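# Overview (structure and organization)
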Amino acid sequence: QVQLVESGGGLVQAGGSLRLSCAASRNTFIINVMGWYRQAPGKQRELVATITRMGITNIADSVKGRFTVSRDSAKNTVYLQMNSLKVEDTAVYYCNAQPYSPRDVNYWGQGTQVTVSS
């Protein structure tokens, strides 16, 4: 079973930057896509950005141009660089890992809080 450990959340003022990291361990060879989702209070979890093992990215329109997703395959780690943060970016950010096989479940990290103050 894949384990995901996130780090890097915190409190930042609007306009500031944060970098999230998510390290995968155990059976990482089964993972194709890694990325980030977020969930704000009272809202559904939504995609932020994902990246395949080949480096193909998918970034939500709401963060395009401000957030960058990257991946270090040697370290089995995915990063989310968040710049020009807005109050509406406040949410719990979850790391996600999707296996190659659609028959395998998706894996989730425990979540890390990002709070952007005005």
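For the structure, see preceding data.
Please read all numbers here as calculations on a predicted model, not as lab measurements.

### Points about the pairing of strand β3 (residues 18–25)
Pairing geometry for strand β1 (residues 3–7) and β3, over five bridges, is antiparallel. Residue pairing for β3: Val 5 is matched across the bridge by Ala 23. By the bridge criterion, six bridges tie β3 to strand β8 (residues 77–82) in an arrangement that is antiparallel. Bridge pairing in β8 links Leu 20 to Leu 80.

### As for the packing of aromatic side chains
For the coordinates displayed, the defined rule picks out one aromatic pair. It is Arg 19 that lies over the ring of Tyr 79; its NZ or CZ is 4.1 Å from the centre. Against the face of Tyr 94 rests Arg 45, its NZ or CZ located 3.7 Å from the ring centre.

### A short note on the side chain of Arg 66
Relative to the helices and strands, Arg 66 resides in the loop between β6 (57–59) and β7 (67–72). Residue class for Arg 66 comes out buried when judged on its relative accessible area of 11%. Reaching out from Arg 66, the side chain makes a polar contact with the side chain of Asp 89 at a distance of 2.7 Å. Residues contacting Arg 66, with those up to four places away along its chain left out, are Gln 81, Met 82, Asn 83, Ser 84, Leu 85, Lys 86 and Asp 89.

Conventions we followed
Residues numbered from 1 in each chain as written. Predicted model: local features only at pLDDT ≥ 70, side-chain atom pairs only at ≥ 80, totals over all residues. Heavy atoms only, no water. Pairing = 2+ DSSP bridges. Helix = DSSP H or I, 4+ residues; strand = E, 2+ residues; numbered from the N terminus. Phe/Tyr/Trp six-rings, centres within 6.5 Å; stacked < 30°, edge-to-face > 60°. Lys NZ or Arg CZ within 6 Å of the ring centre and 35° of its normal. Buried < 20%, exposed > 50% of the residue type's maximum accessible area, 1.4 Å probe, protein only. Polar contact = N/O pair within 3.5 Å; in protein donor to acceptor, adjacent residues only side chain to side chain. Contact = heavy atoms within 4.5 Å.

Limitation: the analysis is restricted to geometry and does not speak to function.
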